[in-house]
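Below, each chain spelled out in residue letters.
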Number of protein chains: 2
Amino acid sequence: MNGAERLVSIAAEGGVEICFANPGTTEIPLVSALDRVGGVRGVLCLHENVCTGAADGYARLARRPAMTLLHLGPGLANGLANLHNARRARSPIVNIVGDHASWHLSADPPLAMDIASAARPVSDWYRHNGSPAAIAADMQAALAAAKSRRGRIATLVVPHDHQQAAPVAGAEPAAPEPFPPPDPDAVARAAERLRAGGAACLFLGGSALWGEGLRAAGRIAEKTGAELLGEVGFARLETGRGLPPVARLPYFPEQAQEVLDRFELIVLCGAKSPVSFFGYDHLPSRYLSGHPGVVTLAGPDEDAVAALSALADTLDAAGTWGGACPAGPEAPRGALDPDRLAAALVRHIPEDAVVVLTAVSSAAPFSRLAAAARPHSQIALTGGAIGEGTALATGAALARPGTRILHLEADGSAAYLPQALWTQAREDLPVTTVVCANRAYRILRIELARAGIVEPGEQTARLTDLRAPAIDWVAVARGFGVPGTVVDTAEDLVAALERAAASTGPFLIEARLP
Amino acid sequence: MNGAERLVSIAAEGGVEICFANPGTTEIPLVSALDRVGGVRGVLCLHENVCTGAADGYARLARRPAMTLLHLGPGLANGLANLHNARRARSPIVNIVGDHASWHLSADPPLAMDIASAARPVSDWYRHNGSPAAIAADMQAALAAAKSRRGRIATLVVPHDHQQAAPVAGAEPAAPEPFPPPDPDAVARAAERLRAGGAACLFLGGSALWGEGLRAAGRIAEKTGAELLGEVGFARLETGRGLPPVARLPYFPEQAQEVLDRFELIVLCGAKSPVSFFGYDHLPSRYLSGHPGVVTLAGPDEDAVAALSALADTLDAAGTWGGACPAGPEAPRGALDPDRLAAALVRHIPEDAVVVLTAVSSAAPFSRLAAAARPHSQIALTGGAIGEGTALATGAALARPGTRILHLEADGSAAYLPQALWTQAREDLPVTTVVCANRAYRILRIELARAGIVEPGEQTARLTDLRAPAIDWVAVARGFGVPGTVVDTAEDLVAALERAAASTGPFLIEARLP
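So, how was this worked out
- Residues numbered from 1 in each chain as written.
- Chains lettered and ligands numbered in written order.
- Predicted model: local features only at pLDDT ≥ 70, side-chain atom pairs only at ≥ 80, totals over all residues.
- Least-squares fit on C-alpha atoms with pLDDT ≥ 70 in both.
- Contact = placed C-beta atoms within 7 Å.
- Domains from an automatic or database assignment.
- Nonpolar A, V, L, I, M, F, W, Y, C, P; charged D, E, K, R; others polar.
- Pairing = 2+ DSSP bridges.
- Helix = DSSP H or I, 4+ residues; strand = E, 2+ residues; numbered from the N terminus.
- Axes fitted to C-alpha atoms, helices over the stretch in contact; angles between N-to-C directions.
- Parallel < 35°, antiparallel > 145°, perpendicular 65-115°, else oblique.
- Left-handed = near helix turned anticlockwise from the far one by under 90°.
- Buried ≥ 20, exposed ≤ 12 C-beta atoms within 10 Å, placed from the backbone.

This part covers the relation of the copies chain A and chain B. The two copies are related by a screw motion: chain A maps onto chain B through a turn of 180° and a shift of 0.0 Å along the axis, at an RMSD of 0.0 Å. Within this description, the copies of the chain are treated as partners about a two-fold rotation axis. Looking at chain A, 100% of its interface residues are interface residues in chain B too, so the copies touch through the same face.

Following this line, the structure appears as C-alpha cells:
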C-alpha cells in the first residue's frame, strides 16, 4: 500500500464510511485510494463548506467520524466556517488536506498557504505529516482525536509525495480520550438540591438532549417536578410525542434571562453555563452570573449521559417517562406566516424524521410547537456561522438512509451554499428544503431596531434587504437538479410537503413569508 | 463621530469608494456609519468570498484600495480563499472585521473564533483594535499598508463597543511604504545583456503587464528583438491590436519549460522566477534553476514600471511600439469547442472591455488568440483558489462603470459562487458570463492522465464528473436575477454575445463544450 491507500484503509477500519470531497491535483493519490481500498465512499461536494457542513450533519447523527478531503490551504479555508460550527457541535470529523509535494513547497507555488494557521481556529487536533513512514500513526492519532469524548475536529495535512510513497506500513489504533466517570459529589449535590424542592430546571446540552440522556432527564423531571430547558444552538435534539418536552432557550437575551430567572435551581447537564449570542449594552454576557442556585452536573466535555443516569438512580427515578404531551396545532389555513408555517410542519413531520433548523427569525414558532409533533430529531446551528443548512441536511440524509430530512431554512442563509442541492440531487437524498422567503436579513432588521435604529438610512436598508432582485429559489434549485415549488398559503404548503414526501429524492419549497 | 463613523470617514478621505459587505449584528454601527458619513458605497454580497473576490477584481483595475466588511471570524473565514488570490495579485484591500464587544469575548459566545490565526495566512498587515482612541490611527495604518508598493492586504478587527464609542478623534494619514527606486546596476546589466544579442525574453509580471510598464516593455522588445512573455496567473494584462503582444506562459510544466528553454537570456520584470503550479516527479519546481542567463530587472515587490522605463531609456528605445499585429481568427462555424469559442470571443471583445479569465482547460486557445482582439484588459486567477471568477467580474464592473466585462468561466469554478450573480443583477452590472460547460473537473481528468491513471475507477470518475445531474446554468442565473441562454454552436454564441452586449446589465451564456 502507498501512503494514500494506507490512510484510507485505516479510515475504513476505524469506522469511517463517507468522505465528503472536493479534491484537486494534490489529492489524486487519495482519490485513487478510495477506489483501490474500498470501504469509504466518496461524496462529491461543489464547495468545501458543503464538504465540512455535510460532515458535521453526518457526524451529529451517525456518531461515527466523518471524513473530508480538501485541496490545499484554500480548500481548507473554504471549509472553515462550517468546521467552526462542527467544533461547537463537538462533531467527530477528520479533515484530510492534501499539500504540495514536500520538495515543491519552498518554491512558493501559487496555491501555497500557511495551512497550520488557517486550521488552528477550528481544529482540536492538527498535524502536518512529516514522512511517509508516519502516515499510519498520524491517521490513527487523527481518528482517535476525532473520537475523543463527545467528538473533536482533527486536521491532518499530507504532502502529495508522501501519499504516493510505497510501501507504507500500518500502525496500531490509538485510544480516544475517554470521558472521565461522572463526579459522584456533583451527582449527590444535584440530587440533594432537587429533593429540596423549589422551582428547578435541568439545563441540557450536547448528548443530554437525545437518546438515553434525554430519557434519564425526563425521568428526573417527572420525579422532581424540574423543567427541561435546552441550549439555543444544540447539536441534536430529540423531541415529539412520547418524549420529555424540552423548552429551547430563547435567542434574545431579555427573553432568555426572563426564562432562567424563574428558577431557584439550575442544573447544568452537558451544557456550559448559557451566554448571550452577542454583547448588548446594559445586559450581562452570562445569564447565570451571580445566580445562587447553579449546580454543574456535567460540563459540555463531560459524560452527561452517565451523569444523568447516575442522578436518576440516586433519585429513584426509574422506569420510563410518562408525562403528558402538549396538544398539537390545528390545521392552519390562509396566507403563510411563521405561525402557520410552523403548524403545517409540526403536523407533517414523519415519525423519526430529521429536522434541520437553521432559520432563526422564522423558526421560533416551530421550536415552541415541535414537542407536539411525531417523535423526530432536530439539528441546529451551533456556532452561528450562517449558511450551513443545505450542507447539514445533505450530511444528515447520508447518515440516515431512507429517512426524510426536513430543512427549515432562512433565505439569507440559503444563499450561502445553494450548490449543496446538487449533491442532494446526485445522491438522490430525501431532503425537503423549506426556504422561509421573507426577503430580508430579518434578524438584522430586528437588531437594528434593538439598537434604536427605527428608520434605517438608504445604505442600511439596502444592506439588509433581499428583494431587489427577489431570488427565485425554485429556479436556483432546478438549476442544481432539484425540483421545487412556490407556496403562499398554508394549504399549498401542506400539499407541497406531501408531494415532496412522496418522492425518493430532494425537493425545495419556497415559502413566501411576510 | 463615533468609532465607526471615524473609520468610514478616514476610508473615504483615503480614496475608498466601495465597501463590499456582508454585515452582521457586530457590524451595525459600521453599516449605519456608511449612511451618516457618506462617500463610501456599500455593496451587498451574499457570501463573504464574493465580497473579497469582488474587492480583488475592483482593486486590480481601480488601483485604489477596496474595502470589505465581514462578520466576525466565520465571516472572514468565508472570504479567505479569495483574499489568498488577492494577496498573490498584490491587490490593495482593507478588510474590516467586526468583533464581539470587548467585554463579551471572554464569555466564549458561539461565534467567537481565533480571528488572528485565521487572518494571518492572507494578511500582509493585521491589527486587532485595542481601544476606541486608537481607531483612527489603526485605520490610517491599515490604509497605508494596503497602498504600500504594488498593494497589500490589511485586516483590521474592530470590537462592537469600540465602533459605538464616541467621540473618537482623527489621526494623520500614515505614509504607504514606497517602492525603492530602480536599481541602476540591474538596469545596466539587463541593457548590456540585451545589447549582446541572442534569443532573449522579458518575463513580465504585475504592473509590467499593462499601461506604461507594458508600453516600455514593447519598445524594448522592438529595439532589441526580445520577446515578451507573461506569468500564467497575472493580476492584470493589457493586450489586443496596437499593443505589444505578450505570450502567456503555459500552465503545464513541460510546455512552460520548453518555451523558456528557447531563450539564452531571460529578464525578470515585476515577476518572480517562474515555478510549476504543482510538483511533479522528475520535473523541477523552478523552471529557471540552473539557467545561466537570468537577470532580475525588478522583482514582484519592486517598481517594474520605473525599471522598464529606465531600461528603455538606456537602450534608446523611445517613441511608441509599432510592431505588427497578429491576424485575427476567421469567423467560427459549427459545434462549439474551445478553439471556436475562443475565435468567437476574440472577434467580439469590445474596445477597452475587461476579460475575466478563470477557466483553465477551456481557455488556452483564447489566451493564444487574444492579442488579435480589440485592445482590452484581462484579469486572471493569481493564487489558484478556485471559484473567484463571478466575484472578480462583479468587482471589475464596479471599477469600470459602463465597461462591458466578459467572464470566461469553467463550470467547476462557476459552481463556487453563483450568488455573485445576484449582486451583478442588483447593481445592474454589464457582465457577460460565459460558462464553459464541459461538465467535468476537466483539469483533474488531465492530471489523472498525467499521473498515469488512464482508466479511472468508479469513485475517481464520479469525483471528477459534473454530469449527473448536469447543472442548468441558465436556471441558476435566472434564480439570482440574471437572464441567460444556452448555446451549442459558434453562430449561436456570437448571437448571444451580441444580445448580452445590447443590454445594460448582466447576462449568462452556458456554452456547451465537448
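A separate point is the domain arrangement of chain A. The figure often quoted for interface size is the accessible area lost as the parts come together. Residues and elements named next belong to chain A. Here the domain parsing of chain A yields domain 1 (3-164), domain 2 (184-314) and domain 3 (338-512). With centres defined by C-alpha atoms, the gap from domain 2 to domain 3 works out at 28 Å. Counting residues at the interface gives 16 residues for domain 2, matched by 16 residues for domain 3. Considered class by class, the residues forming the side of domain 2 that touches domain 3 number eight nonpolar, four polar and four charged.

Attention now moves to the sheet that holds strand β10 (residues 247-248) of chain A. Residues and elements named next belong to chain A. Taken together, five strands build an open sheet; the order of strands is β10-β8-β7-β11-β12 and the sheet is parallel. Looking along the sheet, the strands with just one partner apiece sit at the ends: β10 and β12 (294-298). Here two bridges tie strand β8 (residues 227-230) to β10, and the two strands are oriented parallel to one another. Among the inter-strand pairings, Gly230 is bridged to a residue of β10, identified as Arg248. Sheet contacts for helix α11 (residues 304-314): β11 (265-269) and β12; angle to β12, the most-contacted strand, approximately 115°.

Next up on the list: the packing of helix α9 (residues 211-224) of chain B against helix α11 (residues 304-314) of chain B. All names here are of chain B. Running from N to C, α9 and α11 cross one another at 30°; their axes reach a closest spacing of 8 Å. Taken as axis vectors, α9 and α11 run roughly parallel relative to one another. In the crossing of α9 with α11, the sense of the turn from one axis to the other is left-handed. Along its contact with α9, which presents Glu212, Gly213, Ala216, Ala217, Arg219 and Ile220, the element α11 presents Ala304, Val305, Leu308, Ser309, Leu311 and Ala312.

Here we come to the interface of chain A and chain B. With 78 residues of chain A at the interface, the matching set in chain B holds 78 residues. When contributions to the side of chain A that touches chain B are tallied by element, the ones reaching two or more residues are α2 (28-37), β2 (41-44), α4 (72-89), α5 (115-119), α16 (420-426), α17 (442-450), α18 (458-463) and α19 (473-479) of chain A. Looking at the side of chain A that touches chain B element by element, the count peaks at eight residues for α4(A). Residues of the side of chain A that touches chain B, tallied by class, amount to 41 nonpolar, 26 polar and 11 charged.

Okay, the sheet that holds strand β11 (residues 265-269) of chain B next. All names here are of chain B. Strand order in the open sheet formed by five strands is β10-β8-β7-β11-β12, with parallel pairing between adjacent strands. Across the chains shown, the open sheet's two edge strands, defined by having one partner strand only, are β10 (247-248) and β12 (294-298). One ladder, built from four bridges, connects β11 with β12; its direction is parallel. The residue bridging Ile266 from the neighbouring strand is Val294, located in β12. Against the sheet, helix α8 (residues 184-195) contacts β7 (200-204), β11 and β12, and its axis sits at roughly 135° relative to β12.

Turning next to the pairing of β11(A). Every other side chain in a regular strand lies on the same face of the sheet, so the side chains alternate between the two faces. All names here are of chain A. Across the five residues of β11, five count as buried, placing the element largely inside the fold. Summarising the sheet, strand β7 (residues 200-204) and β11 pair through five bridges and their orientation is parallel. Within β11, the residue paired with Phe203 across the bridge is Leu268.

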